[in-house]
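Residues per chain are reported as follows:
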Amino acid sequence: MAVERLQKILSNAGVASRRSAEAMIVAGRVAVNGKTLDKLGARADPDKDEITLDGTPVLRERYRYVALHKPTGVLSTTRDERGRPTVTSLVDAPGATLHPVGRLDLESEGLILLTNDGALTELLTHPRHEVRKEYLVAIDQPLGRKGRDRLVRGVRHEGERLKADSVQVVSPRGSAERPDPRWLLVALHGGRKREIRRMLSVVGRRVVTLRRVRIGPLTLGALGPGESRDLTPEEVQALYDAGKRAEAREPGSMAAATMKPQHPHPVAIDGPAASGKSTLARALAERFGYVLLDTGLMYRAFTLAALRAGVPASDAAACTELARGGGLSLTVQDREARVALDGEDVTDLLRSPEVEANVSAYSAIAEVRRELVAQQRLFAAQRRSLLVGRDIGSVVLPGAPVKFYLQAAEAVRAQRRGEQAAEWGEQQSASEAERDISGRDETDSTRAASPLVVPEGAIVIDSGELDADAMIAAAIAAIEERST
Ligand code: DC
């Protein structure tokens, strides 16, 4: 490809619009081959030059990022002289030479990252600022509270201090089962050789199974041994962010001296109708300065556009054409997104009974969702944002570093919905509210396109059990815990 202006390269890469890209350049956030270029005339060759925004490569398509579930008995190296199986032999990567980021012992299994992006590898494996990792560990005999506390305080082994960030008793098969004291979830920052096996030997336990289930924001999920998958761009970004936060934590580093506390973003909040999403979202946006996008407004605005144009939800082709027409746009006012149709701000028209009654049907159309999701991702990539909806943590931003899923019993939500309707100037009886809520739940969670689910890695909060202050406090604590 030919040499082009930097703002064009950035906008072609989907990083930002041409105008926002110019602002990023002038702000000194863009570098070419390690050198900051803050003049608007600067050019680069996207094929040859390494272009970064805030230190993160922009042209990611030249790199591959693969999450692999390493089985036991496989080496975490690129090649083995004795011809034993290695992690790279398990991943098909034509034309790319992948290497593992960090290691897992021969007899350990679980999540390992493979890539050809040297900058990310360096960031994540720097010995002094490793990101947090979690391991599911089966031991030969139960370990009581005292033993677990010792591991968190730190133990000595062969002259080295070995220490876990946390040790929890868990159930091996998901949270629904009773915890089993022979199964531990151990979190660590360090990467000393055989650290978990050695620390457990100090408290007299032998490790039977050791499986890494998390590296910073990335989780093993449903990958079975030997299976792999490519990371999404959001996951790659989240790994870069985690690596940079870890770097900033290092005492005495330049970044630590100059950086204000960093709160993770984007934040995803999902849940059924009237589960308390907006209350929580507003409180978090206020507290941490996030810009809030309630994606429900976009589905509502699309519904209004379709009703105005006389396009029924049963005509998927016409709806698709309408969605692609680009009439729907977002603006930000007082840190909240507002929605416009062909330039007319319709945000305050979206609670009408007509929109209310039709929005679920229009939001079940896959092509409509695809268009709106693309806009939502772009919005999140351009600012420190918090997105609220039904599919944010699962589809729109699966790599988000913090995800909440709110739930509450149907009766609680129906009562709230009745109160909200009164606030919006609509009269609704208790039984109407209940019918409205359960009908909406039914469509939203059974539709084929992005049904409402609890996203992987989400913090589940029951807003019927907690009062609003307690719910907000719990969520603030979760974000602060992930801040540096
Ligand atoms: O949150 P709300 O009530 O404003 O959402 C209106 C409708 O939009 C809801 O019934 C489902 C749909 N929706 C969706 O499908 N995906 C989202 N991310 C947000 C809303």
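It should be emphasised that the depicted structure is a prediction, and the values quoted were computed from it without experimental measurement.

Observations concerning the layout of surface pockets
- In this model, the second largest pocket occupies a volume close to 1,000 Å³.
- The wall of the second largest pocket is formed by 41 residues, among which S278, D294, L297, R351 and W424 lie closest to the centre.
- Of all elements in the fold, only helix 8 (277-288), strand 19 (291-294), helix 9 (295-309), strand 21 (336-341), helix 11 (353-362), strand 23 (385-389), helix 14 (410-423) and helix 15 (430-446) reach the threshold of two or more residues within the lining of the second largest pocket.
- The residue inventory of the lining of the second largest pocket, partitioned by class, reads 11 nonpolar, 12 polar and 18 charged.

Notes on the domain arrangement of the protein
- Domain annotation of the protein identifies domain 1 (4-57), domain 2 (65-256) and domain 3 (267-481).
- Once you take the C-alpha centre of each, domain 1 and domain 2 turn out to be 34 Å apart.
- Listed by partner, the interface residues are 4 residues for domain 1 and 4 residues for domain 2.
- Buried surface at the junction of domain 1 and domain 2, both sides included, amounts to about 280 Å², of which 52% is carbon and sulfur.
- By the criterion of area lost to domain 2, the three top residues of domain 1 are D54, T56 and P57, representing 90% of everything that side buries.
- Where domain 1 touches domain 2, the interface holds 0 salt bridges.
- Where domain 1 packs against domain 2, one counts 1 residue pair in polar contact (both at pLDDT 80 or more).
- Residues of the side of domain 1 that touches domain 2, tallied by class, amount to 1 nonpolar, 2 polar and 1 charged.

Here's the deal with the packing of helix 9 against helix 12 (residues 366-382)
- In contact at an axis separation of 11 Å, helix 9 and helix 12 are set at 140° when each is read in the N-to-C sense. Judged by the inter-axis angle, helix 9 sits oblique to helix 12. Viewed along their axes, helix 9 and helix 12 form a crossing whose handedness is right-handed. On helix 12, the residues that touch T295, M298, Y299 and F302 of helix 9 are V368, R369, L372, V373, Q375 and Q376.
- Looking at side-chain class alone, the contact of helix 9 with helix 12 contains 6 nonpolar, 3 polar and 1 charged residues.

Conventions and cut-offs
- Residues numbered from 1 in each chain as written.
- Predicted model: local features only at pLDDT ≥ 70, side-chain atom pairs only at ≥ 80, totals over all residues.
- Heavy atoms only, no water.
- 1 Å grid on protein atoms, 1.4 Å probe; cavity = no way out; pocket = protein on both sides within 12 Å on 5 of 7 lines; lining within 4 Å.
- Points joined across faces, edges and corners; volume = space filled by probe spheres on them.
- Helix = DSSP H or I, 4+ residues; strand = E, 2+ residues; numbered from the N terminus.
- Nonpolar A, V, L, I, M, F, W, Y, C, P; charged D, E, K, R; others polar.
- Domains from an automatic or database assignment.
- Contact = heavy atoms within 4.5 Å.
- Buried area = accessible area lost by both parts, 1.4 Å probe.
- Salt bridge = Lys/Arg side-chain N within 4 Å of Asp/Glu carboxyl O.
- Polar contact = N/O pair within 3.5 Å; in protein donor to acceptor, adjacent residues only side chain to side chain.
- Axes fitted to C-alpha atoms, helices over the stretch in contact; angles between N-to-C directions.
- Parallel < 35°, antiparallel > 145°, perpendicular 65-115°, else oblique.
- Left-handed = near helix turned anticlockwise from the far one by under 90°.

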